[in-house]
Amino acid sequence: MQVAKFDITCRRWALPREEIPLHVEINNDLVPRLKHVEIDLPACFRVVDTINVRKCSSSGRIVVSGIKKSRHRDYDYFGIVIATREPFDELAREIPIPVTFRYLDGTAETGYARARIFRPLLDLEVPGSVTLAGGSDGICLPIRLKYSGFGEVTLRVECRIGGAVVSAGTSALDEAFLRLIGESMAFDGGRPADEVITNGDYAEPIAKAMGEFLSDAGIQRLLAEGRLDDEHAGMLRRMSEEEKRNVAGVFREAMKSHLARFTSESFSRYLSRNCRLESTTTVLAQIRPPATKMDVRLRYKDALGNEYDPVERTVELIDKRESPGGAAVEIPLKVVGIDESAAYWNAEDMVIGS
C-alpha cells in the first residue's frame, strides 16, 4: 500500500482557549529530502507545547528543522499544541493554518490544518415592568433566555438599583443547611455525635462543609447576605466545639431524609442541555413609589471558564401596594423559557459558513 507524502490533522472543534493538538505525519522516504517545515500560525493563536520535535524556532512563524525518527513506522511525525488567545465574536470560525514542507532542492509543498473554534452566546429577555400589588406572595421576575452557538454554559443573574446590588444568589449547599437550621438548633446536646449512623461516602464532605458553615466567617457571610438572623447567629456563635460536632451529626442524619429532595432541586438548576444556573437569585429591595428602575445583568461562562460579555436589560418595578415604599420586598427570578433553536448540536460534522 502506498503511503501518502504527508498528512496534517487537528481536532474537529474546540472552545476558545482550549488546547488543539496539530499532528503532522511525513513519509519516511520524504524526510531525507526535507530542509524544514514551516507553520504560519495566525496571530490569534499561541503555542502551548511541541510534540516529538528536536529543533524548533519561531520568529513570526514556527520552523521545525529537526524531527525525532520513528523506527517501526512508515512515517515520521511531529506536532504542536496551540490555543486561541481570546474568544471570537463569531459563534463558529474556521481558521486555515498553512504547513509548508521546504525541500533541499528549493521546491516546496503546502498543506493546511483547519482549526474550528466554537463559542456560546446568551441573550436575555425580561418584561418591561413588574407590578407589585397587595402582598409580595406569588411575585416573581420571569426571565427568558435565548441560546446560540455551542458549548455548555453556567449563568448567574445580578440585579442593581442605582448602582447597588440588590440580588443574592444561593448555592444548593447553603439552601440545604438553611432549611435544616431550625431542626438542628433543637438537637439533644448530650447526644454523642459518633452515635449518628451515616454513609461514609458523603459524611466527610458534609462535615467539612459544616465546619465552614459554622465558622465565624461563614456566620458573618450569611448575616451580610440577610439569610441568617441575629438570634440564630448568636446561638451558633455561643456553641462549644462539642455542640457544633453534635449539630453536624444532626445535619448528617437529617440529610438521609432530605437528600433526594436536595438532589432533585440541584438538578433543577440544569435548565437545559446547554445551560445551568450557578445559583438561584432573589431580589431584596425597597421600592420607591411610584416606580423604581432595576438593571438586570446576565453573566455566563463556558466549561473552560471563559467569561463572555454580560447581557444587560432594564425592568421597571411599579409599586401599587396599599403601603408603597414600606418594607423591602423579595422578588425571586425565575427562568420561564429557553429558546435553543440557534444552538449547534453537532459541531464536529458542522460545515462552517453554510
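As the structure is a computational prediction, the values presented were derived from the model and not from experiment.

1. Section: the nonpolar core
With 33 residues, the main nonpolar core has Met294 and Val296 as its most contacted residues. Residues in contact with Val296, not counting those within four places in the same chain, are Leu124, Val126, Leu141, Val157, Glu158, Cys159, Val311, Glu312, Arg313 and Val315.

2. Section: the environment of Glu86
Inspection of the secondary structure puts Glu86 in the loop between strand 7 (75-84) and strand 8 (92-103). Residue classification places Glu86 among the partly exposed positions, given a relative accessible area of 49%. Residues Glu86 and Arg17, spaced 69 residues apart in sequence, show a C-alpha to C-alpha distance of 6.5 Å.

3. Comments concerning the packing of aromatic side chains
Inspection of the entire model under this criterion finds five aromatic pairs. With 5.5 Å between their ring centres and 20° between their planes, Tyr300 and Tyr308 make a pair best called stacked. Tyr308 shares its class with Tyr300; the two are buried. An aromatic cluster is present here, built from Trp13, Phe118, Phe150 and Tyr344 joined pairwise through their rings. Here the basic side chain of Arg93 rests over the ring of Phe88, its NZ or CZ set 4.3 Å away from the ring centre.

4. Section: the pairing of strand 13 (residues 153-161)
Regular strands place their side chains on alternate faces of the sheet. Along strand 13, seven of the nine residues are buried, which leaves the element largely enclosed by surrounding structure. Note: strand 13 against strand 16 (residues 275-277), three bridges, orientation parallel. Across the sheet, Val153 pairs through a bridge with Cys275, a residue of strand 16. Of the pairings in the sheet, the one linking strand 13 to strand 18 (residues 291-302) comprises eight bridges and is antiparallel in character. Each bridged residue has a counterpart across the sheet, and for Leu155 the counterpart in strand 18 is Tyr300. Summarising the sheet, strand 13 and strand 14 (residues 164-165) pair through two bridges and their orientation is antiparallel. Across the sheet, residue Arg160 finds its bridge partner in strand 14, namely Val165. The turn joining strand 13 and strand 14, which pair antiparallel and follow one another in sequence, is formed by two residues; a positive phi near 60° is taken by Gly162.

5. Details of unusual backbone geometry
Not every positive phi belongs to a glycine, and Arg17 is a case in point at roughly 70°. With respect to the helices, strands and loops of the structure, Arg17 is situated in the loop between strand 1 (6-10) and strand 2 (20-27). One non-glycine residue, Asn52, lies in positive phi territory at about 60°. Here Asn52 is to be found in the loop between strand 4 (45-51) and strand 5 (53-58). Judged by relative accessible area, Asn52 falls into the buried class, the value being 17%.

Definitions and limits used
- Each chain has its residues counted from 1, running along the sequence as written.
- Where totals are concerned, whole chains, interfaces and linings use all residues; where local detail is concerned, this predicted model gives features only for residues with pLDDT of at least 70, and gives and counts side-chain atom pairs only at 80 or more.
- Based on all heavy atoms of the structure, the side-chain values leave hydrogens and waters out of the count.
- For this analysis, a nonpolar core means a set of buried residues of the types Ala, Val, Leu, Ile, Met, Phe, Trp, Tyr and Cys, connected via side-chain atoms within 4.5 Å.
- Exposed residues in this analysis have more than 50% of their type's maximum accessible area, buried residues have under 20%, and partly exposed residues fall in between, with area computed by a 1.4 Å probe over protein chains only.
- We call two residues in contact when some of their heavy atoms are within 4.5 Å.
- Each helix is a run of DSSP H or I of at least 4 residues and each strand a run of E of at least 2, with the numbering of both proceeding from the N terminus.
- By convention, a stacked pair of Phe, Tyr or Trp rings (six-membered ring in the case of Trp) has centres within 6.5 Å and planes under 30 degrees apart, an edge-to-face pair has planes over 60 apart, and any other such pair is tilted.
- Here, over-ring charges are defined by two tests on the NZ atom of lysine or the CZ atom of arginine: distance to the ring centre within 6 Å, and angle to the ring normal within 35 degrees.
- We call two strands paired when DSSP finds no fewer than two bridges between them.

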